[in-house]
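In case you want the letters, here they are:
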Amino acid sequence: MLIKSRLFTPGPTPLLPSAQLAMAAADIHHRTADFRALYSRVLADTQTFIGTKNDVVMFASSGTGAMEAAVSNLTSPGDKVLVVTAGKFGERWKSLASAYGCNVEVVSAEYGKTVEPDAVKAKLTPDVRVVYMQATESSTGVRHDVRGIASLLKGTDTLLVVDAITGLGTTHFDVDGWGIDVIIGGSQKAVMIPPGLAYCSVSERAWKRMETTKNPRFYFDLRKERKNAAKGESSYTPAIALIAALASAFDFIRNMGKGDLAAGRVALVNNAEMCAEMMREAALALKLQLFAPDAPSAAVTSILPPAGVDSGRIVKGFRDEFGAVISNGQGEMKGQIFRMAHLGYFDYMDTIATVGALEQVLGVISLPKHVEFGQGLKAAQEVFARVAGSARNAVASSK
Ligand SMILES: *Cc1c(COP(=O)(O)O)cnc(C)c1O
């Protein structure tokens, strides 16, 4: 049988073909007018994609580089910070803030659950300098209540930093309206290009904070990067090919919005929401349990394997039978869950095929209770018919 390799992981995600071509053609030097024009356009598009008027900064690094920048630039040793965590990426905030000598308070929920704003409120004293959180915790598939937590910080001096590395393109945000001071994205997620770029927007309050904070920073110096970005340059050699790819990806997303990038971003989020709902309903119809049923993200769906089965068998089944890479659980969750991504370049066809493959894989493990062929597909089809039907009606009634 012919087998195509496919990624269904929450980063790296499948690559947009036009972006791949743009990368291959990006044979330009970064201290030229051509590059400055490209970079300035990409930075402006990044603002629109994030949905903010705040300045945007970009680094040649994985997403964690921008997370580190949000700690080293915004804190001094001994500063009290509050980390909201319910998974591996929340734990990364804790490690990062500790590495920079912060006095780290934690508000947590167990894996698979979200952290309630009331729990955050209980730990939010006036001396908390920064709150660090995820929009979507990719290790568990949970979505956190960014809006609810942001509203607790209104009128205080506490900054809010959101790792939206899998949140952007899968979640609707009002960055400036809610008061998100720093929001972070990464290239290998919903923007459909390879790993290697981190980007973030930074509020006026946060820029002001940086004038007095004392932690050391050099490569990930936000203020230095902002100054150069204003001239269409980066401080050091930028990831030129990835920036060309990102320009192309934003054009694709703009086309999704019929020429309007902000509308395209909304369409991209709605697409992820639909694919995620198709997957959740399919899993339930196959008598599988969701790991994060109360607050599921549209970025990634975490599913428990049938009782007594190691989730690695399902991951292996996808790889061996279909050449498809899905994710096992991270850390202690290894063997306990499997994860399927919906962020970025995934569509109806991909999602239906994934559900069909899941039915087959469960069949190979031979668990009759979980495999009546077509049950997962039927549930997914019904979600699509409903979502596509209401989209058609909305278009018809607007004419
Ligand atoms: C992918 C991801 C990151 C960044 O990881 P890198 O490997 O540094 O790119 C951070 N947070 C979340 C929620 C992620 O999904």
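Note that the structure is a prediction, hence the values are computed from the model and not measured. Each chain carries its own residue numbering, running from 1 in the direction its sequence is written. At least 70 in pLDDT is required for a residue's local features to be given in this predicted model, at least 80 for side-chain atom pairs to be given and counted, and no such filter applies to totals for whole chains, interfaces and linings, which use all residues. Remark: hydrogens and water are excluded; side-chain values derive from all non-hydrogen atoms of the structure.

Visitor: Outline the pairing of strand S5 (residues 128-134), supporting the account with residue identities and numerical values.
Guide: Think of it in three bands: residues with accessible area under 20% of the maximum for their type are buried, residues over 50% are exposed, and the middle band is partly exposed, with areas taken using a 1.4 Å probe on protein chains only. Put simply, DSSP marks the helices as runs of H or I at least four residues long and the strands as runs of E at least two long, and each gets a number from the N terminus on. The buried fraction of S5 is high, at six of seven residues. Pairing of strand S3 (residues 80-85) with S5 involves four bridges; the strand directions are parallel. If you follow leucine 82 over to S5, its bridge partner there is valine 131. Strand pairing requires that DSSP identify at least two bridges connecting the strands. Sheet analysis places S5 next to strand S8 (residues 159-163), joined by five bridges and oriented parallel. Residue methionine 133 lies in a different strand from S8, and its bridge partner there is valine 162.

Visitor: Hey, could you go over the confidence of the model for the protein chain for me, with residue numbers and the actual values?
Guide: Confidence of the predictor at the level of single residues is captured by pLDDT, which takes values from 0 to 100. Of the residues in the protein chain, 99% reach a pLDDT of 70 or more, and the chain-wide mean stands at 97. Across the protein chain, element-level confidence peaks in S8 with a mean pLDDT of 99 and bottoms out in helix H14 (residues 375-397) with 93.

Visitor: Quick one: what's the story with the sheet that holds strand S14 (residues 338-341), residue by residue and with numbers?
Guide: The three strands are arranged S11-S14-S13 in an open sheet whose pairing can be described as antiparallel. The open sheet terminates on both sides in strands that have one partner only, identified here as strand S11 (300-303) and strand S13 (327-328). In this sheet, S14 lies alongside S11 in antiparallel orientation, the contact comprising four bridges. Residue pairing in the sheet places serine 302 in a bridge with arginine 339 of S14. Its contacts with the sheet put helix H11 (residues 261-285) on S11 and S14, and the angle it makes with S11 is roughly 10°. What makes two residues a contact is simply this: any of their non-hydrogen atoms within 4.5 Å. Axis angles are defined between N-to-C directions and span 0 to 180 degrees, where every axis is a line fitted to C-alpha atoms and, for a helix, only to the segment in contact.

Visitor: Describe the pattern of salt bridges, naming the residues involved and giving the relevant values.
Guide: Opposite charge on two side chains makes pairing possible when the charged atoms of those side chains draw close. In the sections that follow, a salt bridge refers to a side-chain nitrogen of Lys or Arg positioned within 4 Å of a carboxyl oxygen of Asp or Glu. Taken as a whole, this structure holds 17 salt bridges when the rule is applied. The residue aspartate 55 makes a salt bridge to arginine 226 at a minimum N-O spacing of 2.9 Å. With aspartate 55 in strand S2 (residues 55-60) and arginine 226 in helix H9 (residues 222-229), the pair connects residues that are 171 residues apart, well separated along the chain. The exposure class assigned to aspartate 55 is partly exposed, which follows from its relative accessible area of 31%. One salt-bridge network, held together by shared partners, links Arg31, Arg36 and Glu233.

Visitor: Help me get a handle on the site of the ligand, residues and values and all.
Guide: Taken together, 13 residues are adjacent to the ligand, and Ser62, Thr64, Ser138, Asp163 and Lys189 come closest. In the analysis that follows, any N or O atom pair within 3.5 Å is treated as a polar contact, provided that within protein one partner can donate a hydrogen and the other can accept it, and provided that, for residues neighboring in sequence, both atoms belong to side chains. Take arginine 92: an N or O atom from its side chain is 3.4 Å from an oxygen atom of the ligand. Contact with the protein chains covers 88% of the free accessible surface of the ligand, which is 390 Å². Those elements that place two or more of their residues in the shell around the ligand are helix H3 (63-72) and helix H4 (88-99). At three residues, the largest contribution of residues to the shell around the ligand is made by H3. It suffices for a single heavy atom of a residue to lie within 4 Å of a molecule or strand for the residue to be listed as near it. Method for areas: the Shrake-Rupley scheme with a 1.4 Å probe, in which residue coverage is limited to the protein chains shown.

Visitor: Outline the packing of aromatic side chains, supporting the account with residue identities and numerical values.
Guide: A pair of Phe, Tyr and Trp rings is counted when the ring centres sit within 6.5 Å of each other, with Trp represented by its six-membered ring. The angle between the planes then sorts it: under 30 degrees is stacked, over 60 is edge-to-face, the rest tilted. Per the stated rule, a full pass over the model turns up twelve aromatic pairs. Centre to centre, the rings of phenylalanine 173 and tryptophan 178 are 6.3 Å apart; their planes meet at 75°, and the pair counts as edge-to-face. In terms of burial, phenylalanine 173 and tryptophan 178 fall into one category: buried. Here the aromatic rings of phenylalanine 218 and tyrosine 236 are separated by 6.1 Å at their centres, their planes lie at 35°, and the arrangement is tilted. With phenylalanine 218 in the loop between helix H8 (204-209) and H9 and tyrosine 236 in the loop between H9 and helix H10 (240-256), this pair connects stretches of sequence that are 18 residues apart. Here phenylalanine 218 falls in the exposed class, since its relative accessible area comes to 60%. Relative accessible area serves as the criterion here: at 27%, tyrosine 236 is assigned to the partly exposed category.

Visitor: Tell me about H14, residues and numbers included.
Guide: In a helix, the anticipated span is given by 1.5 Å times the number of residues less one. Relative to the 33 Å expected for 23 residues at 1.5 Å per residue, H14 spans 33 Å between its end C-alpha atoms, a close match to the ideal helical length. All of the buried residues along H14 are Gly376, Ala379, Ala380, Val383, Ala388 and Gly389. Structurally, H14 contributes buried residues whose contacts are with H11 and helix H13 (348-364).

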